[in-house]
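Fold and contact review
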Amino acid sequence: MKILLATQKPFAVAAVAGIRQIVEAAGHDLVVFEKYASQSDLVAAVADADAMIIRSDKVTAEVLDAAKRLRIVVRAGAGYDNVDLPAATAHGVVVENTPGQNSNAVAELALAMMIFMARNQFTPATGSEIQGKTLGIQAFGHVGRLVGAKAAALGMKVRAIDPFLPAEKIVGGGAEPAASLEELYATSDYVSIHIPATPETIGSIGYDLITKMPKGATLVNTARKEVIDEAGLEKALEDRPDLKYIADVAPDNLAVLKEKFGLRVFATPKKMGAQSAEANLNAGLAAARQIVAFFADGCTRFQVNK
Ligand code: NAD
């Protein structure tokens, strides 16, 4: 089988070597297609691919139409909002992610972001400590749970909410269940967002929710920029000069936010939550193993378009 490693933003060299080893040991061919210039180059490259490993690369209906032999796409990472799932399903293509493989990198970044904002973006002004503060975790999945455990170790009080988890699982993960999303925001000095970008969550965090946060609170978003209602965020920061926002990755209105709110806002210019050597390697190798298992015995354990 021809397995296309299509990564506009390439994996680390060691990860590519590990992926190649797994793929070739199973008797498949790996074609490395990195740093491609345009979406039309991707459309051309998929013509004879049986499988694809991608990162944030966009697998659109056009890509799927062009990929006549394609049977499986594995997104090396957690979020898969860059894949057109209905189109993949219509083409009979299995889509998988690699849950948990890059969570630690993202969790460490979320913690770092809290401290960075608590210390005024490392400027000399007097800051504050995160110890003793309350952290509210919105969605207690792979990343949310790790953020909670690390924050607890740093002396924070950890609360969480997840509509798809019973309260016992939240307690079992070391956090106190919040009664509602509104209550979580109202009681948290820091809220860390870990929801996926879905039709239900896109634009769901806006003015009403953000302004529920207590005085001096910080909103930390390492999920997706799309889950924020940016106009609502801007108005909240305007009406509440005590609130702060930090994100991986930049909102579309970042220039306006920076100009209006200075050190109260920070955003990474490029998504970097999963950009650690370890996460790169873990997610890449997991993707390769999942593809090998799919062709060996039809394993679709991590399929997200069932
Ligand atoms: P996960 O699937 O393990 O956890 C997601 C959690 O969200 C689950 O517990 C689920 O119950 C909950 N959830 C699902 N739908 C929801 C909804 N409509 N409302 C509220 N909660 C909902 O995923 P994860 O590995 O913890 O990652 C979380 C998100 O973080 C990903 O979807 C991705 O968008 C983002 N992420 C970002 C980076 C980065 O580089 N910044 C890297 C990895 C993941």
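Up top you'll find the structure we're talking about.
About the criteria used
Residues numbered from 1 in each chain as written. Predicted model: local features only at pLDDT ≥ 70, side-chain atom pairs only at ≥ 80, totals over all residues. Heavy atoms only, no water. Near = heavy atom within 4 Å. Polar contact = N/O pair within 3.5 Å; in protein donor to acceptor, adjacent residues only side chain to side chain. Areas by Shrake-Rupley, 256 points an atom, 1.4 Å probe, with all protein chains shown as cover. Nonpolar A, V, L, I, M, F, W, Y, C, P; charged D, E, K, R; others polar. Pairing = 2+ DSSP bridges. Helix = DSSP H or I, 4+ residues; strand = E, 2+ residues; numbered from the N terminus. Contact = heavy atoms within 4.5 Å.

A few points about the site of the ligand
The ligand sits among 23 residues. The nearest are His142, Val143, Asp162, Thr222 and Asp248. Arg224 is positioned with one of its side-chain polar atoms (N or O) 3.3 Å from an oxygen atom of the ligand. One of the side-chain nitrogen or oxygen atoms of Asp248 is found 2.9 Å away from a nitrogen atom of the ligand. Notes on the ligand: free accessible area 850 Å², of which the protein chains cover 84%. Residue composition of the shell around the ligand, grouped by class: 11 nonpolar, 8 polar and 4 charged.

Digging into the sheet that holds strand 11 (residues 244-247)
Taking strand neighbours across the sheet as the criterion, the 7 strands line up as 8-7-6-9-10-11-12 in an open arrangement whose pairing is parallel. The sheet is open, and its two edges are formed by strand 8 (176-177) and strand 12 (265-267), each paired on a single side. Note that strand 9 (residues 190-193) and strand 10 (residues 218-221) share 4 bridges and pair parallel. When the sheet's bridge partners are listed, Ile193 is paired in strand 10 with Asn221.

Topic: the environment of Lys215
Among the secondary structure elements, Lys215 is positioned in the loop between helix 9 (207-210) and strand 10. In this structure the C-alpha to C-alpha distance between Lys215 and Asp189, which are 26 residues apart in sequence, comes to 7.8 Å. Look past the residues within four positions of Lys215 in its chain and what remains in contact with it is Arg240 and Asp242.

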